[in-house]
Amino acid sequence: SLLLGGGSHNRLAFFDDVYGFSFTPIAEPIRAEAAVEIVPDDTVLTDEATLRTFAMLTVTDADLDFTAPFALTAHTAGELRSLVLHFDTDFDLTAQGGTSSRFRTSPGSPPTHWKQTVLYLRRPLPLAAGARVEGTLSLSRNGNYERGYDIAATLRAGDGPVDTQIFSMS
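Residues numbered from 1 in each chain as written. Predicted model: local features only at pLDDT ≥ 70, side-chain atom pairs only at ≥ 80, totals over all residues. Heavy atoms only, no water.

Q: Can you walk me through the overall build of the chain in this structure?
A: Helix and strand content of the chain: 1 helix and 10 strands. Counting helices and strands in the order they occur from the N terminus, the chain gives β-α-β-β-β-β-β-β-β-β-β. If you line up the chain on its principal axes, its C-alpha atoms span 60 × 40 × 35 Å. A burial count over the chain gives 35% of its 170 residues as buried. Put simply, 68% of the contacts in the chain that link residues at least 6 apart link residues at least 24 apart. When the accessible surface of the chain is summed, it comes to about 9800 Å², and 57% of that surface belongs to carbon and sulfur atoms. (Helix = DSSP H or I, 4+ residues; strand = E, 2+ residues; numbered from the N terminus. Buried < 20%, exposed > 50% of the residue type's maximum accessible area, 1.4 Å probe, protein only. Contact = heavy atoms within 4.5 Å. Areas by Shrake-Rupley, 256 points an atom, 1.4 Å probe, with all protein chains shown as cover.)

Q: Help me out: how do you make sense of the sheet that holds strand β8 (residues 132–141) in this one?
A: Pairing between the strands of a sheet comes from backbone hydrogen bonds, and it takes one of two forms, parallel or antiparallel. Reading across the sheet, the 4 strands line up as β4-β8-β9-β10 and stay open at both edges, with antiparallel pairing between neighbours. Sheet topology places β4 (66–73) and β10 (163–169) at the edges, where each strand pairs with a single neighbour. Strand-to-strand twist across the sheet, computed as the mean angle between neighbouring axes with direction ignored, equals 20°. By the bridge criterion, 7 bridges tie strand β9 (residues 149–157) to β10 in an arrangement that is antiparallel. (Pairing = 2+ DSSP bridges. Axes fitted to C-alpha atoms, helices over the stretch in contact; angles between N-to-C directions.)

Q: Looking at this structure, how should I read a nonpolar patch on the surface?
A: On the surface, Tyr19, Phe21, Phe23 and Ile26 cluster together to form a nonpolar patch covering roughly 500 Å² of accessible area. Locating Phe23 in the fold gives a position in the loop between β1 (2–7) and α1 (24–31). (Patch = residues over 30% accessible without salt bridge, like charges linked within 9 Å, V, L, I, M, F, W, Y side chains within 5 Å. Salt bridge = Lys/Arg side-chain N within 4 Å of Asp/Glu carboxyl O.)

Q: I'm lost on unusual backbone geometry in this one. Help?
A: The bulk of non-glycine residues show a negative phi, and the bulk of peptide bonds are trans. With a phi angle near 50°, Tyr19 is a residue other than glycine that sits in the positive phi range. With respect to the secondary-structure elements, Tyr19 resides in the loop between β1 and α1. For Tyr19, a relative accessible area of 78% translates into the label exposed. Even without a glycine there, the phi angle at Lys115 is positive, about 55°. Structurally, the position occupied by Lys115 is in the loop between β6 (100–104) and β7 (116–127).

Q: So what exactly am I meant to see when it comes to the environment of Thr154 here?
A: For Thr154, the position within the fold is in strand β9. Classification of Thr154 as partly exposed rests on a relative accessible area of 23%. The residues touching Thr154, leaving out its near neighbours within four places in the chain, are Phe70, Glu134, Gly135, Thr136, Val162, Asp163 and Thr164.

Q: Is there a simple way to explain the pairing of strand β5 (residues 78–92) in this structure?
A: Walk down a regular strand and you will see the side chains alternate between the two sheet faces. Alignment of β1 against β5, held across 6 bridges, turns out to be antiparallel. In the strand pairing of β5, Leu4 is matched with Leu85. Here 7 bridges tie β5 to β7, and the two strands are oriented antiparallel to one another. Bridging across to β7, Leu83 finds its partner in Leu119.

Structural data, given as structure tokens:
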């Protein structure tokens, strides 16, 4: 399953003050790229939403491009600065007399080389505990690089304005 959460994680804040100088213009092109990194669990502000579940024995090529709605609820107040994607993989062999297990790549799970995918937002969204963030996430494979994705995130916190941001992942 592919899951989405929201957090205050912002590696790009480094550019706000580099030895007393603002390098924020350098961060803007980086913000358009989906970043693969380990997200600290203490920066997660929301619950997680399942975007899509794939059955590995039956998934087709066409299933890998999709748009999914999401709704996240803040369990902690803070500034939503990023959307965080991760996946869970379930191995269930109980029907064959075996066992079942789950491999998770969430920020709260032990780190692996898979890490998480972070989508840094242009504008932070202040969230109170219990606030809802709703939207859609569209993933489509990049036409020039089959393993890359073009990602469009449209979101809205409460009654605030709707914002759409485009990311690329190569």
